[in-house]
Amino acid sequence: MLKRLLPIGFLAFSVLLMGCDVVGDARPSGPPTTTATPARAGTELAARYRRAGGDADIYGIRHAKDEKGFPVLSVWTHKKGGYENFGDIAESLTLFLSKEGVRLDRGYLLNAYAPDGTRLHNLDTVPERIWPQPSA
């Protein structure tokens, strides 16, 4: 009986794995998008950011780690056309998140999304992706 179930279990596990994706390896087929509404924890974090003097248009913030352990930051904003000087927003946001205990000293990936979920900005500060290391 076990000999019959083992191949079926292996096949089911393989199919499940093929449907999974790691944050840093996602390759969308169309324009980069995300959901228009962040999770509740993200809206609460954004509310603290705004109370601390952050950009009033940001209504969601999420932080996670990619497959190599680098922070991936997602920001939802009411702006539909993006920011003229996104560097100022990135600096304000990273300063706030650092005070919240998020470690960003090794670099991070920051994506900002419009209300419809379209990605407006993408900023990658991870040194090994910016300046590839020479092969030995």
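Residues numbered from 1 in each chain as written. Predicted model: local features only at pLDDT ≥ 70, side-chain atom pairs only at ≥ 80, totals over all residues. Heavy atoms only, no water.

Engineer: Explain the pattern of salt bridges residue by residue, including any values.
Structural biologist: A complete count under the given rule lists three salt bridges for this structure. Across the pair Lys79 and Asp57 runs a salt bridge, and its minimum N-O distance is 3.9 Å. Taken as a pair, Lys79 in the loop between strand 2 (71-77) and helix 3 (86-99) and Asp57 in the loop between helix 2 (40-51) and strand 1 (58-65) lie far apart in primary sequence, 22 residues in all. The closest approach of N and O atoms between Arg103 and Asp105, which form a salt bridge, is 2.5 Å. The pair Arg103 / Asp105 is uniform in exposure class, with both members exposed. (Salt bridge = Lys/Arg side-chain N within 4 Å of Asp/Glu carboxyl O. Helix = DSSP H or I, 4+ residues; strand = E, 2+ residues; numbered from the N terminus. Buried < 20%, exposed > 50% of the residue type's maximum accessible area, 1.4 Å probe, protein only.)

Engineer: Describe helix 2, naming the residues involved and giving the relevant values.
Structural biologist: For helix 2, which comprises twelve residues, the first-to-last C-alpha distance of 17 Å matches the rise-based estimate of 16 Å (1.5 Å per residue) to within 8%. Along helix 2, the residues classified as buried are Gly42, Leu45, Ala46, Ala47 and Tyr49. At its buried positions, helix 2 is contacted by strand 1 and helix 3. Remark: Gly53 follows helix 2 within two positions and exhibits a positive phi of approximately 100°. (Expected span 1.5 Å × (residues − 1). Contact = heavy atoms within 4.5 Å.)

Engineer: Before we move on, could you go through the sheet that holds strand 3 (residues 109-113) and cite the residues and values that matter?
Structural biologist: If you trace the four strands from one edge of the open sheet to the other, you get 1-2-3-4, paired in mixed fashion. Both outer strands of the open sheet, strand 1 and strand 4 (119-124), are each paired with one neighbouring strand and no more. Mean inter-strand twist for the sheet, computed between neighbouring axes without regard to direction, equals 15°. Bridge count between strand 1 and strand 2: seven bridges; the pairing is antiparallel. Counted as the bridge partner of Gly60 is Trp76 from strand 2. (Pairing = 2+ DSSP bridges. Axes fitted to C-alpha atoms, helices over the stretch in contact; angles between N-to-C directions.)

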